[in-house]
Structures are given as C-alpha cells and as structure tokens.
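Residue-level listing of the chains:
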Amino acid sequence: MKEINDPQFDAADAILRAARERALGARPGLRMLAITGWSSFLGAVVLLAAWLLAIPHDDETIEFGRLASVFIVLWALAAVPALSAAMLAQPSPGAFDPPRRRH
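Residues numbered from 1 in each chain as written. Predicted model: local features only at pLDDT ≥ 70, side-chain atom pairs only at ≥ 80, totals over all residues. Heavy atoms only, no water.

In this section: helix α2 (residues 28-54). Counted at 1.5 Å a residue, the expected span for α2 with its 27 residues is 39 Å, and the 38 Å between its end C-alpha atoms agrees. Every buried residue of α2 is accounted for by Thr-36, Ser-40, Ala-44 and Leu-48. In this fold, the buried residues of α2 make contact with α3 (64-89). (Helix = DSSP H or I, 4+ residues; strand = E, 2+ residues; numbered from the N terminus. Expected span 1.5 Å × (residues − 1). Buried < 20%, exposed > 50% of the residue type's maximum accessible area, 1.4 Å probe, protein only. Contact = heavy atoms within 4.5 Å.)

Our focus in this paragraph is α3. Helix length check: α3 (26 residues) gives 36 Å between terminal C-alpha atoms against 38 Å at 1.5 Å per residue, within 8%. Of all the bends in α3, the greatest, near 30°, is centred on Ala-79, and the proline Pro-81 appears no more than four residues after it. Taken residue by residue, α3 has Val-70, Phe-71, Leu-74, Ala-78, Ala-82 and Ala-86 as its buried positions. (Bend = angle between axes of the 7 residues up to and from the residue.)

Another point: the packing of aromatic side chains. In total, this model carries four aromatic pairs according to the counting rule given. Ring centres of Trp-38 and Phe-41 lie 5.7 Å apart, and the angle between their planes is 20°; this geometry places the pair in the stacked category. Residue Trp-38 and its partner Phe-41 are both found in helix α2; the two are separated by three residues, about one turn of the helix. Its relative accessible area of 28% is what places Phe-41 among the partly exposed residues. Plain terms: the ring middles of Phe-41 and Phe-71 are 5.7 Å apart, the flat faces sit at 75° to each other, and that makes the pair edge-to-face. Here Phe-41 is found in helix α2, whereas its partner Phe-71 is found in helix α3, with 30 residues between them in sequence. An aromatic cluster is defined as three or more aromatic residues linked by ring pairs; in this entry it consists of Trp-38, Phe-41, Phe-71 and Trp-75. (Phe/Tyr/Trp six-rings, centres within 6.5 Å; stacked < 30°, edge-to-face > 60°.)

This next bit is on the packing of α2 against α3. Angle between the axes and distance between the axes: these two values describe a pair of packed helices. Following both chains from N to C, one finds α2 and α3 inclined at 135°, their axes separated by 6 Å at the closest point. Taken together, the axis directions place α2 and α3 in an arrangement best described as oblique. Our pair here, α2 against α3, has a crossing hand that is right-handed. (Axes fitted to C-alpha atoms, helices over the stretch in contact; angles between N-to-C directions. Parallel < 35°, antiparallel > 145°, perpendicular 65-115°, else oblique. Left-handed = near helix turned anticlockwise from the far one by under 90°.)

A word on the nonpolar core. Ala-44, Leu-48, Val-70, Phe-71 and Leu-74 form the largest nonpolar core, which has five residues in total. Sorting the residues of this core by element identifies α2 and α3 as the ones contributing at least two each. Excluding anything up to four places from it in sequence, Ala-44 contacts Phe-71, Leu-74, Trp-75 and Ala-78. (Core = buried A, V, L, I, M, F, W, Y, C linked by side-chain atoms within 4.5 Å.)

Let's shift gears to a negative patch on the surface. A surface patch of like charges, here negative, comprises Asp-58, Asp-59, Glu-60 and Glu-63. Within the secondary structure, Asp-59 is located in the loop between α2 and α3. (Patch = residues over 30% accessible without salt bridge, like charges linked within 9 Å, V, L, I, M, F, W, Y side chains within 5 Å. Areas by Shrake-Rupley, 256 points an atom, 1.4 Å probe, with all protein chains shown as cover. Salt bridge = Lys/Arg side-chain N within 4 Å of Asp/Glu carboxyl O. Lys, Arg positive; Asp, Glu negative; His and termini not counted. Charge placed at Lys NZ, Arg CZ, Asp CG, Glu CD.)

Now the structure itself:
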C-alpha cells in the first residue's frame, strides 16, 4: 500500500479517529438505541404506507392527527423486532476473549 505523507491527510485521520472514539462506537447502549430507533422508524414508514393503501377509500380525508397517532403506534410496534434484532446482533461479553485453558 502506498504511504501518504500529507499533513492534511494526517489531520483528517486524527479528526476521524477522535470522532470515532467519542461517537456511537464508544457508547454501545446509545448505539443500540440509535439502531433501534432508526430501524423502527423505517419500518413504521413502510407500515404507514401499507396501512394507507389497505384502508377503504371513501370520500373522507384522513386528518393529520389521526395519521400521527397511527404512525406513533406503528413505530412502537416496529420497535419490537428492531430491538430484538439489535440485541441479537450484539456479541456476547466474552466473545472476543482468548480461550481459557482447562486444568
């Protein structure tokens, strides 16, 4: 691999390294919350679109308050599988520890 001797590259690398240390990588609980929130939000968006397509189309318009309340309920429902997936994706505490010798 080619060695890069550029001060701007070194500064950018230092900035990225510092950001990585203080961002979501350093806080696994916050990272899991962010993953769960974003995944369940995307799931709720898809579920809301499916719900809007599935309801009967009367001449009556749907109020924004009703849409918001349906979206909140769908977001909460979508959070269950998203949280389950985020928890299952976490490695066990000793997953990367070296194996122990048995005496």
